[in-house]
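Per-entry structural report
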Amino acid sequence: MSEVEIKRENLVYDKPRLITDDVMHYCPGCSHGTVHKLVAEVIDEMGLEKSTIAVSPVGCSVFAYKYVDVDWVEAAHGRACAVATAIKRLNPDRLVFTYQGDGDLAAIGTGETIHAAARGENIATIFINNAIYGMTGGQMSPTTLLGMKTATTPYGRDAGLNGFPYKIAEMLVHLDGATYITRQSVHTPANVRKCKKAIRKAFENSLAGNGYSMVEVVSTCSSGWKMSPVEANKWLEENMLPYYPLGDIKVSELPR
Amino acid sequence: MADKEIKLMKGNEVIAHAAVRCGCDGYFGYPITPQSEVMETLMELKPWETTGMVVLQAESELASINMVYGGAATGKRVMTSSSSPGISLMSEGMSYLAACELPCLIVNCQRGGPGLGTIQPSQGDYFQACKGGAHGDFHLIVLAPASVQEMHDFVELGFELAFKYRNPAMILADGAIGQMMEKVVLSPQKPRRTDAEIEAECGPWAACGKGNRRERNICTSLELQSEKMEKINQRLQTKYATIEAAEARWEEIECDDAEYVIVAFGSSARICSATVEAARKQGIKVGLLRPITLYPFPAQAVAALAGRGVKGFLSVELNAGQMVEDVRLAVAGKAPVEHYGRQGGMMFTPDEALEALKEKLLK
């Protein structure tokens, strides 16, 4: 392939400065790459490169630390919000955020997530909800929709057999310590822009000491869903969004 | 020089005072008997108003050990305390702490098990503390206090060793040492390290925000390439070998002319010091070897005694026989090695230990 030289004045899009040159392991069409880009852009735009500590989970984003050029702590499966709690309390002037998937956050890490939110920890969580365990090969997660086929629900998720999915973002709304809870997506350019604003607002909320923030990003997993990236985006709109509707769920001040 | 500050305190309370005084940055815990006084005392002391130390009651032991992990990853001096069932819950976190080579202090005020067991003292977690206790090949540095004063002293020593080797350290106490009251000399208040001091000490690895470093720090235990992972394992094992060579600590009581040696740690050692006196009154030359570090186990001290002709060793423990395996390895067949112990929260008297020694070694 020949390299095409683009003049600076004609450049409409560039790799964010804080995205490293490591080759991303994410599958084509996966939402992670887009959300990583937004996180890197927001950190850079807010001038927080030197004062950010990120916490990543176990799951597809287990390697998230490779891609965004800030200090990073990898947590055991589900424990990101506990890890971030201590980091923030011991380093109160830093931006501390967790980046977690639905298996990590809403199954094995439910307790840590809810209690960090309940305490009103000044951390933000970026929650990638693609309704599946991607890294381990596409098993059912707590947010898998009824009827959805996965490696452990080969005939479709059945409420009687597998239980119901749940909306952890809506659950968090009832906690005084959770002050900014929003659900976004990155399946269209307009949604990408909205999601970026939400991430910035969450980071600002954390730095202002206004308690816990969560940006849920309803995401695609084309490999796990066994669809092309285009089909996955369409399926997300037709199936995920009716159950996980987009928009701000809670915007409030921490009770004093 | 100011007068010494001498107080009468419980072992658990002393842990809290010693933590504040040695400049600890954070404590994260969850209530469990018989060690809840550690966090209760810290909450009463309110160190966040004086030294700036963070104290947080977590929602579980899983959370508290992972809070320790997070704090340690940023180079802070952080600790937790718990008792046996809670320590089992923390074992996942200990494996990660060891893997990431993060310094921290964990206090286990042991109670009897297995399962929920009893809230009375036990030494049933020796294997768990000294042989890894979670997945993967790793070691904690394990200190065994036999007095309230040592509960105090080992907090600072634990942090010192943890930072020297970038390895989690554990104080393996038990319900007796935690609950009993004794005179203790408190150390003077030391300031917590400043950010600049932490940067100087932990800059090459602590993920506390890039600051003015050019390269960022990443704290991870993940390495999917076997060739690289084996190198990491080998580096850890080299470190453990250094610790084994340099850091074994023990106390010998009347061992110089002893024909029989009791090996005991913690509250068992405390009782056995009276056994030695009772035996000597009866004309039996008994000595006591008290391991102060359980990992590294003072094998060289045991081997030296075996080498100079001690006729028999009795490992006295509040369990069914755990440390006795390390004593046997060190004695290497040169003399008989027997075990005596009680379980379920039961203690033994000095005379009962002496009777066991006579029955097992003198017959």
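Residues numbered from 1 in each chain as written. Chains lettered and ligands numbered in written order. Predicted model: local features only at pLDDT ≥ 70, side-chain atom pairs only at ≥ 80, totals over all residues. Heavy atoms only, no water.

Side note on the sheet that holds strand β2 (residues 26-29) of chain B
Residues and elements named next belong to chain B. Taking strand neighbours across the sheet as the criterion, the seven strands line up as β3-β2-β4-β5-β7-β6-β13 in an open arrangement whose pairing is mixed. Two strands in the sheet have a free side with no partner beyond their single neighbour: β3 (54-57) and β13 (293-295). Strand-to-strand twist in this sheet, taken as the mean axis angle between neighbours without regard to direction, amounts to 20°. As judged from the seven bridges shared by strand β5 (residues 104-110) and strand β7 (residues 168-174), these two strands associate in the parallel manner. Counted as the bridge partner of Val-107 is Ile-171 from β7. (Pairing = 2+ DSSP bridges. Helix = DSSP H or I, 4+ residues; strand = E, 2+ residues; numbered from the N terminus. Axes fitted to C-alpha atoms, helices over the stretch in contact; angles between N-to-C directions.)

Re the pattern of salt bridges
This model, assessed by the stated rule, comprises 42 salt bridges over all chains. The salt bridge involving Lys-164 of chain B is made with Glu-247 of chain B; its shortest N-O contact spans 2.9 Å. With Lys-164 of chain B in helix α6 (residues 148-165) and Glu-247 of chain B in the loop between α9 (226-246) and β10 (250-253), this residue pair connects regions lying 83 residues apart in the sequence. Taking relative accessible area as the criterion, Lys-164 of chain B reaches 56% and is therefore assigned exposed. For Glu-247 of chain B, a relative accessible area of 5% gives the class buried. With a shortest N-O distance of 3.5 Å, Lys-358 of chain B and Glu-355 of chain B are connected by a salt bridge. Residue Lys-358 of chain B and its partner Glu-355 of chain B are located together in helix α13 (residues 350-362), separated by three residues, close to a single helical turn. Look at Lys-358 of chain B and you get partly exposed, because its relative accessible area is 23%. The network of salt bridges with shared partners includes Arg-17, Asp-44, Glu-49 and Asp-69 of chain A together with Lys-210 and Arg-216 of chain B. (Salt bridge = Lys/Arg side-chain N within 4 Å of Asp/Glu carboxyl O. Buried < 20%, exposed > 50% of the residue type's maximum accessible area, 1.4 Å probe, protein only.)

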